[in-house]
Every structure is written in structure tokens, then in C-alpha cells.
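Residues per chain, in single letters:
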Amino acid sequence: MKKKILATLLTGALAIGLFAGCGSGGNAGTENDTQKGGGSKVASSDANIAVFYYTYSDTYIASVRTALDGQLDTLGVTYQDYDANSNQTTQNEQIDTAIQTGATALIVNIVTSGSVDVSSQIVDKAKAAGIPLIFFNRAVEDDETEGDVLGSYDECAFVGTDAPEAGHMQGDMIGNYVKDNFDSLDLNGDGKISYAMFMGQLGNAEAIYRTQFSVEDANKILSDAGMGELEYFDSSNSDRYQVDQDGNWSATAANNYMTTNLSQYNENNNNMIELVICNNDSMAEGAISALNDKGYNLGDGGKMIPVFGVDATDAAKQLIADGKMTGTIMQDAAGMAECIADLAGNIASGKDLMDGTDSYIISEKVSNKIFIPYQVYTGEK
């Protein structure tokens, strides 16, 4: 049985915005690091924690970084942030440097998500140095190899999300929205809703499940209601998605795709894209910007194409409040940072890495894998 959450993960997160963030990332191949520490001590130790981010430019990751910096400041440990700038080789070199210069713990947001080979190399580095390792946010193994990496080192843990959950939540939200608004969404009256799908990264577990279940679950709701299922707008695209080729889940990629799409698929041609599904909120922002350029989603009560994302970033919340975006799935940056800091506190205090984690949701399959739950966000909270 998954353990129930006994305390709200957002406790104490209200002050996060007061903490200053590190400087912006530099070029790939450099450390891009900022050393910090010296807040009010909760744990007294000589901990020197190295924190590795796959990229500073990811909006959600930036939120986690701000929150985690604040948590580590409060913990009173010395820590150093590194920006891999989406380059796994850079991150590996940064990890080597951190270990050589005395890091006592590693916190890693891995660049190459879902690769057992890559994540195992990082585990081997931590194991050889005899220091604890906390992976977070980006998967270190896939379903078939679940537990292989995390079970290979006693001083290792993962803090992230249950990857399929966001896809299922997004699919449920989309399906019910389309069911309730089918006639107004069906712009050409063909009995089907034409959708576009923007995928963040090939091979990424979160992207795969969001792409799959957002449509499958929505279609089940529509089918059960006797309505036509969602239909991908471009019948020549057998993948039924457009992916950020750089793997950055970026607004720019979605904007470029959507701008090109709208040049051919529009109301004048009677084949307008009637729904937009995005793997994250940055891509939703890009799609909305392209729609704005064509007079849609201006928040003025005029033409509106529903756009759905994931993360509930501040920008997405504002777009929803402004009537330009329909909904998103909240990925709890503050809750993730708090959990990582709890584990870091255990390290600093000399406790077992997973000590005191009973209040979190633990994977049924892997005892050192912690899930931070998602939540639906449509601006009503």
C-alpha cells in the first residue's frame, strides 16, 4: 500500500519567494556554479552539498531551484548549484569536479532521463566516493528496469512524481471539458475535435505518459458519453505529436510548430485545430502566443481554443486567470524541494537517508523512491 500523506507538502513554503536565486547559467562545458550557505542552522554539520540541474532555463526546474536554495539556506548547510545546460557530458564533468573538491552529498536532476546506463554511472561515482546521492524530478530508469539503479546503492534515493499520474489527470480534465463543451469546440461541425499535441522530449517517461494518457483517458470519457473521440489534426503524422527536437520542452518549439500549423489548419480552410494539449506549461505558452497572433485566446471574450499544460507555473496561472489558457496540472515545486531538503537534512545530521519519510508517498515497488503528488489546476483554487 502506498503510504498516505499525513501532512501538507506545502507547509512552510510561503516564504520561498524571499530567498534570492543564483546567477543565470553560463555556457555549456563550464561549472556555472554558485556556492551558498550560512542560513539559520537546523542541522549542524560539515555537509557540503552539490546540486546539479539539467538546465536552469526550464521554468519548472527554476521554481524547484529557488525553493530548494531557500530550504538549504534554512538548513544551514554549504551547497553549490551547477547548470548542465542540457548536456550530460557537462553534468558528468561537474559531478567529477564536485567530488574532487570535497562534496559530501550529490543532488542530481539528471540530463538524460530514463537511461539506466547514464544514471548507473552517476551512482558508481557516488558509491566510489562513499557519499549519498539524491536523484530528483527526471527518471533514472524505465518501467522494465525499475529498481535496478535505485536498488544498487543503499545511500541513494529518488524524489519525483508518479509519471503516469499527470497524463491521467490531464486526460480526465480534457475529456470532461470537451464533453461539456463539445458543440462549441467543434468549429467545423464534423462531430470530432481536432487536436494538436506538443511533446517535450523523446524517451522521457513523463513526456511519454503525458502524451499517451492525456488522449487515451479523454477519449474514454468521450466514448462513454457517446461522443466522437479526439482526432489528431494532421492525418499524415502517424506519431500524433510534435516534439521539441532539442528536448527542452520549450515555448519556442511549440510556438514555431503552432505558427506553421495554423498557416494550413485554420478556420478559413474549415480544418482549424480545435484543442491544444501540451506536455508542460512552457509549450502551452508558446502555443498560446501563436494563437494570439491569429486573434485567438486574447482573453477578451472572443475566439478561444482550449489549451492545456502541466506544471502550474506562475505564468500559466496568470494565463488561466486572464482567460487565455484553460487548465494545467500542478507539479509541486515547493513540495519537491521540501522533500529533497528533508533528505539532505538526514545526511547533514548523520541519519539514515530515508529516515522520517513516512509522511510521503513511497513507491510500492522501490522503497527509496518518493512520489510528490500532482493536482489539477484550472484557476479555481
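Please read these numbers as outputs of a predicted model, since none were measured by experiment. (Residues numbered from 1 in each chain as written. Predicted model: local features only at pLDDT ≥ 70, side-chain atom pairs only at ≥ 80, totals over all residues. Heavy atoms only, no water.)

(A) Representation of the overall build of the protein within the structure. Counting its regular elements, the protein contains nine helices and 15 strands. Looking at the protein residue by residue over its 381 residues, the buried ones come to 54%. Of the contacts formed within the protein by residues at least 6 apart in sequence, a portion of 74% connects residues at least 24 apart. (Helix = DSSP H or I, 4+ residues; strand = E, 2+ residues; numbered from the N terminus. Buried < 20%, exposed > 50% of the residue type's maximum accessible area, 1.4 Å probe, protein only. Contact = heavy atoms within 4.5 Å.)

(B) How the structure looks around unusual backbone geometry. Of note in the backbone geometry, Asn-137 takes a positive phi value of approximately 70° without being a glycine. Tracing the backbone shows Asn-137 in the loop between strand S5 (133–136) and strand S6 (156–160). Taking the relative accessible area as the measure of exposure, Asn-137 reaches 9% and is therefore buried. Although it is not a glycine, Asn-270 adopts a positive phi angle of roughly 60°. For Asn-270, the position within the fold is in the loop between helix H6 (251–264) and strand S10 (275–278).

(C) Quick look at the pattern of salt bridges. Tallying each qualifying case throughout the model produces eight salt bridges. Note that Lys-369 is salt-bridged to Glu-146, the shortest N-O span being 3.1 Å. With Lys-369 in strand S14 (residues 369–371) and Glu-146 in the loop between S5 and S6, this pair connects stretches of sequence that are 223 residues apart. Here Glu-267 makes a salt bridge to Lys-303, at a shortest N to O gap of 3.5 Å. Pair noted here: Glu-267 is in the loop between H6 and S10 and Lys-303 is in the loop between helix H7 (281–293) and strand S11 (307–308), with a separation of 36 residues, a long-range link. Because the salt bridges share partners, they merge into one network encompassing Glu-146, Lys-365 and Lys-369. (Salt bridge = Lys/Arg side-chain N within 4 Å of Asp/Glu carboxyl O.)

(D) Region of interest: the environment of Leu-150. Structurally, Leu-150 is set in the loop between S5 and S6. On the basis of relative accessibility, which here comes to 2%, the residue Leu-150 falls in the buried class. Considering only alpha carbons, one finds Leu-150 and Val-140, 10 residues apart in sequence, at a separation of 8.2 Å. Among residues more than four places away in sequence, those in contact with Leu-150 are Phe-135, Val-140, Glu-141, Cys-156, Ala-157, Phe-158, Val-366, Asn-368 and Lys-369.

(E) The side chain of Asn-204, seen in detail. Checked against the element boundaries, Asn-204 lands in the loop between strand S7 (194–199) and helix H5 (205–224). Aside from chain neighbours lying at most four places away, what touches Asn-204 is Ser-113, Arg-138 and Trp-249.

(F) Here's a closer look at the confidence of the model for the protein. Per-chain confidence: the protein averages 89 in pLDDT, with 88% of residues scoring 70 or above. pLDDT under 50 marks residues 38–44. Its contacts with residues more than four places away, or in other chains, come to 16 contacts. (pLDDT = per-residue confidence, 0-100.)

(G) Fine view of a negative patch on the surface. On the surface, Asp-142, Asp-143, Glu-144 and Asp-148 cluster together into a patch of negative charge. Of note, Asp-142 is situated in the loop between S5 and S6. (Patch = residues over 30% accessible without salt bridge, like charges linked within 9 Å, V, L, I, M, F, W, Y side chains within 5 Å. Areas by Shrake-Rupley, 256 points an atom, 1.4 Å probe, with all protein chains shown as cover. Lys, Arg positive; Asp, Glu negative; His and termini not counted. Charge placed at Lys NZ, Arg CZ, Asp CG, Glu CD.)

(H) Spotlight on the nonpolar core. Ranked by internal contacts, the top residues of the largest apolar core, which has 90 residues, are Val-159, Leu-230 and Val-276. Broken down by element, the residue count for this core peaks at 10 residues, all from helix H9 (residues 333–349). Setting aside residues up to four positions removed in sequence, Leu-230 forms contacts with Ile-174, Val-178, Ile-193, Tyr-195, Ala-218, Asn-219, Leu-222, Leu-275 and Ile-277. Membership of the second largest hydrophobic core comes to 23 residues, among which are Ala-50, Val-108, Val-123 and Ala-126. (Core = buried A, V, L, I, M, F, W, Y, C linked by side-chain atoms within 4.5 Å.)

(I) Region of the structure containing the pairing of strand S12 (residues 328–331). Burial of the side chains of S12 extends over both faces: Thr-328 and Met-330 are buried on one face and Ile-329 and Gln-331 on the other. When S12 meets strand S15 (residues 374–377), the two strands line up antiparallel, connected through four bridges. Along S15, the bridge assignment pairs Met-330 with Gln-375. (Pairing = 2+ DSSP bridges.)

(J) Just H6, in detail. In this model H6 runs 21 Å from its N-terminal to its C-terminal C-alpha over 14 residues, within 8% of the 20 Å that 1.5 Å per residue would give. What H6 keeps buried is the set Ala-253, Ala-254, Asn-255, Met-258, Asn-261 and Leu-262. Contact partners of the buried residues in H6: S7, strand S9 (242–243), S10 and H7. (Expected span 1.5 Å × (residues − 1).)

(K) Molecular detail of the pairing of strand S4 (residues 105–108). Every second residue of S4 is oriented toward a common face, with Ala-105 and Ile-107 on one face and Leu-106 and Val-108 on the other, all of them buried. Relative to S4, strand S2 (residues 48–53) is paired through four bridges, and the arrangement is parallel. Paired with Ile-49 across the two strands is Ala-105, which belongs to S4. What joins S4 to S5 is helix H3 (residues 116–129), and the crossover it makes is right-handed. (Right-handed = clockwise from strand over helix to strand, strands pointing away.)

(L) Fine view of the packing of aromatic side chains. On inspection of all chains with the given rule, the structure shows nine aromatic pairs. Taken together, the aromatic side chains of Tyr-195, Tyr-232, Phe-233 and Tyr-265 make up a single cluster linked through ring pairs. Sitting above the plane of the Tyr-54 ring, Arg-138 keeps its charged end 3.8 Å from the centroid. When the ring centre of Phe-158 is taken as reference, the NZ or CZ atom of Lys-369 above it lies at 5.9 Å. (Phe/Tyr/Trp six-rings, centres within 6.5 Å; stacked < 30°, edge-to-face > 60°. Lys NZ or Arg CZ within 6 Å of the ring centre and 35° of its normal.)

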